[in-house]
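If you want the building blocks of each chain, they are given just below.
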Amino acid sequence: MKLEMKDSPGQLVAALKPISDVGGNIIAVIHHRDPESSSRTLNVQIVLALPEGRLDTLVGLLKEQGVHIQRIGKERLLYQRSVILIGHLMHTDLSDTVDQIDSTGFAEVCEISMSMPAINERSTSRVTLKATNRADMDAAIAILRKVAAQKSLLLIEPLEEVA
């Protein structure tokens, strides 16, 4: 959520309290108060997890506190895992490999970092996937295993699990 509130003592605490009141969990709060600014408002970004069906109640409570909600975003791909792929990644159509995960609708490649030493040498890539849940992540990794086998790529998995 991105919120705008009065820049006065106690306002941030007042804006955060309704989150716990509805059973939410605050993951991160990001704000920067510019003492040079003539504005009497403060922009705050909050990353939070809410139980299903509590968002409308939270929005109402925040409005009662005089907090203006600028943006609400929902992350549906909450499970993350990274793997290493080694091989001729570009020559075997890396975009096809990514598309086979992204086209599932339940998982996607969200980050790739690659080292390509020379045109005829194997590349190494760290690939980070996100999925809706653990079962979907397992299915996405299974697709990646199949693709790696078809394209003679070495798959090293997982580097970490984040849910």
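Rules used in this analysis
Residues numbered from 1 in each chain as written. Predicted model: local features only at pLDDT ≥ 70, side-chain atom pairs only at ≥ 80, totals over all residues. Heavy atoms only, no water. Helix = DSSP H or I, 4+ residues; strand = E, 2+ residues; numbered from the N terminus. Contact = heavy atoms within 4.5 Å. Core = buried A, V, L, I, M, F, W, Y, C linked by side-chain atoms within 4.5 Å. Buried < 20%, exposed > 50% of the residue type's maximum accessible area, 1.4 Å probe, protein only. Arc of directions from axis to C-beta.

> I'd like to hear about the side chain of Lys151, residue by residue, with values.
The topology assignment puts Lys151 in the loop between helix H4 (134–150) and strand E8 (154–162). If we ignore the near neighbours within four places in the chain, the residues touching Lys151 are Thr92, Asp93, Asp96 and Thr97.

> An account of the nonpolar core is needed here, citing residue identities and associated values.
Within the largest apolar cluster, 18 residues are counted, with the highest numbers of intra-cluster contacts made by Leu85, Ile101, Leu129 and Leu144. Mapped by element, the contributors of at least two residues to this core are strand E5 (79–87), helix H3 (94–102), strand E6 (107–115), strand E7 (123–131) and H4. With five residues, the single largest contributor to this core is H4. Beyond its immediate sequence surroundings of up to four residues, Leu85 is in contact with Thr97, Ser123, Thr124, Ser125, Val127, Leu144, Ala148, Leu153, Leu154 and Leu155. One finds Met1, Val44, Ile46 and Leu62 within the second-largest nonpolar core, a separate group that totals 15 residues.

> Let's hear about helix H2 (residues 55–64): which residues, and what values?
Of all the residues in H2, the buried ones are Leu58, Val59 and Leu62. One side of H2 carries all its buried residues, which in axial view fall inside an arc of 100°. Opposite its buried face, H2 presents the exposed residues Asp56, Lys63 and Glu64, each directed more than 90 degrees away. Elements that come into contact with the buried residues of H2 comprise strand E1 (2–6), helix H1 (11–21), strand E3 (41–49) and strand E4 (68–71).

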